[in-house]
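The lines below spell out each chain.
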Amino acid sequence: LGTVIVAWDETGLEMGREIYCARRTPDAPWSVPENVSASPMLDSTFPALATSYDYSEYPAESNLAPARSLHVAWVEGSIMPPLTTVVYRVWDPARGWFPPPPDPPEDVTAGIGGASPSIAAGPDRVPKVAWTTSQEPPEAMPTRPSDVLYNERTNAGWGTPIRVSLPDGPAGTASLCPTIA
């Protein structure tokens, strides 16, 4: 414990914006920043972080995040919806990043798309993500321009997103910028 982790989106790069992450333990300097998104043809923005510490062993065949993990979710795609989605990678000291760059990150949204991710994880090592749906296409969430959805990852992968915002908000309203704990 005592590790500090910072993530950010780096702008001004030749091929677009990328998510970087750096770590520092109490007895060491900051790590060299790592490119987490590794998606030079897409803009990667608005990272969200969570850690999980359960100090137990985990089976190697498990798709759950290992103990002492760093979970990162971010927005990937063009800057404006509907061409954005929320994606995910996990890091642990023994295995590094999963999926390993340059492999694409996992799509949390099951193809719905989205923005404004928030992520949580705890001793169960299950990452849980909330996000705002993209403004389009309207057939994806026809009741309003934007809703808040939730999903979590298990051994089987990411589940089906669940709407947690008001199901039939007044016309012209939107649910935006969720946080999760």
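Residues numbered from 1 in each chain as written. Predicted model: local features only at pLDDT ≥ 70, side-chain atom pairs only at ≥ 80, totals over all residues. Heavy atoms only, no water.

**Student:** It is not clear to me how the overall build of the protein chain should be interpreted in this structure. Could you clarify?
**Tutor:** On a plain count of helices and strands, the protein chain comes out with zero helices and 13 strands. With 181 residues in all, the protein chain has 45% of them scored as buried. Here the analysis covers contacts within the protein chain between residues at least 6 apart in sequence; of these, 48% occur between residues at least 24 apart. A total of about 9,100 Å² of accessible surface is found on the protein chain, and carbon and sulfur atoms cover 61% of it. (Helix = DSSP H or I, 4+ residues; strand = E, 2+ residues; numbered from the N terminus. Buried < 20%, exposed > 50% of the residue type's maximum accessible area, 1.4 Å probe, protein only. Contact = heavy atoms within 4.5 Å. Areas by Shrake-Rupley, 256 points an atom, 1.4 Å probe, with all protein chains shown as cover.)

**Student:** How do you make sense of the sheet that holds strand β1 (residues 4–10) when you look at a structure like this?
**Tutor:** The strands making up a sheet associate through hydrogen bonds between their backbones, and the pairing can be parallel or antiparallel. Strand order across the open sheet formed by three strands is β1-β2-β3, with antiparallel pairing between neighbours. Bordering the open sheet on either side are β1 and β3 (34–35), each of which pairs with just one other strand. Of the pairings in the sheet, the one linking β1 to strand β2 (residues 18–24) comprises seven bridges and is antiparallel in character. Within the sheet, the bridge partner assigned to Glu 10 lies in β2 and is Glu 18. (Pairing = 2+ DSSP bridges.)

**Student:** Which parts of the structure should I look at to understand the packing of aromatic side chains?
**Tutor:** In the structure shown here, the tally under the stated rule is two aromatic pairs. Here Trp 8 and Tyr 20 contribute two aromatic rings whose centre-to-centre distance is 6.3 Å and whose plane-to-plane angle is 20°, an arrangement assigned as stacked. Residue Trp 8 is located in strand β1, and its partner Tyr 20 is located in strand β2; the two are separated by twelve residues in the primary sequence. A relative accessible area of 26% means that Trp 8 is categorised as partly exposed. Between Tyr 88 and Trp 158, the aromatic rings sit 5.2 Å apart at their centres with planes inclined by 80°, giving edge-to-face as the arrangement. Taken together, the residues span a long stretch of sequence, with Tyr 88 in strand β6 (residues 84–92) and Trp 158 in strand β12 (residues 157–158) at a distance of 70 residues. With relative accessibility at 17%, the residue Trp 158 sits in the buried group. (Phe/Tyr/Trp six-rings, centres within 6.5 Å; stacked < 30°, edge-to-face > 60°.)

**Student:** Could you clarify how one ought to interpret the pattern of salt bridges in this entry?
**Tutor:** Summed over the entire model, instances satisfying the criterion amount to five salt bridges. For Glu 34, the salt bridge identified is with Arg 23, shortest N-O distance 2.6 Å. Taken as a pair, Glu 34 in strand β3 and Arg 23 in strand β2 lie far apart in primary sequence, eleven residues in all. The class for Glu 34 is partly exposed, based on a relative accessible area of 23%. (Salt bridge = Lys/Arg side-chain N within 4 Å of Asp/Glu carboxyl O.)

**Student:** What exactly am I supposed to notice about unusual backbone geometry here?
**Tutor:** Negative phi values dominate among residues other than glycine, just as trans dominates among peptide bonds. Residues Phe 98 and Pro 99 are joined by a peptide bond in cis, for which omega reads -10°. Along the polypeptide, Pro 99 turns up in the loop between β7 (96–98) and β8 (106–107). Note the cis peptide between Pro 101 and Pro 102, where omega equals 10°. Position of Pro 102 among the secondary structure elements: in the loop between β7 and β8. Despite not being glycine, Phe 46 shows a phi value in the positive range, around 55°. With respect to the secondary-structure elements, Phe 46 resides in strand β4 (residues 43–52).

**Student:** It is not clear to me how the nonpolar core should be interpreted in this structure. Could you clarify?
**Tutor:** Inside soluble globular proteins, nonpolar side chains tend to come together where they are buried. Ranked by size, the top nonpolar core spans 13 residues in total, and within it Val 86, Tyr 88, Val 108, Ile 119, Val 129, Trp 131 and Trp 158 carry the most contacts. Going through the elements one at a time, β4, β6 and β10 (128–132) are the ones with two or more residues in this core. Per element, the largest residue contribution to this core is three residues, and it comes from β6. Not counting the four nearest positions on each side in its chain, Trp 158 is found in contact with Tyr 88, Glu 106, Asp 107, Val 108, Pro 127, Val 129, Asn 151, Glu 152 and Arg 153. Formed by ten residues, the second largest nonpolar core is a distinct cluster that contains Ile 5, Leu 70, Trp 74 and Trp 97. (Core = buried A, V, L, I, M, F, W, Y, C linked by side-chain atoms within 4.5 Å.)

**Student:** How should I be thinking about the side chain of Ser 146 in this particular structure?
**Tutor:** Relative to the helices and strands, Ser 146 is located in the loop between β10 and β11 (148–154). By relative accessible area, which is 1% here, Ser 146 ends up buried. A distance of 3.1 Å separates the side chain of Ser 146 from the backbone oxygen of Thr 133, its partner in a polar contact. (Polar contact = N/O pair within 3.5 Å; in protein donor to acceptor, adjacent residues only side chain to side chain.)

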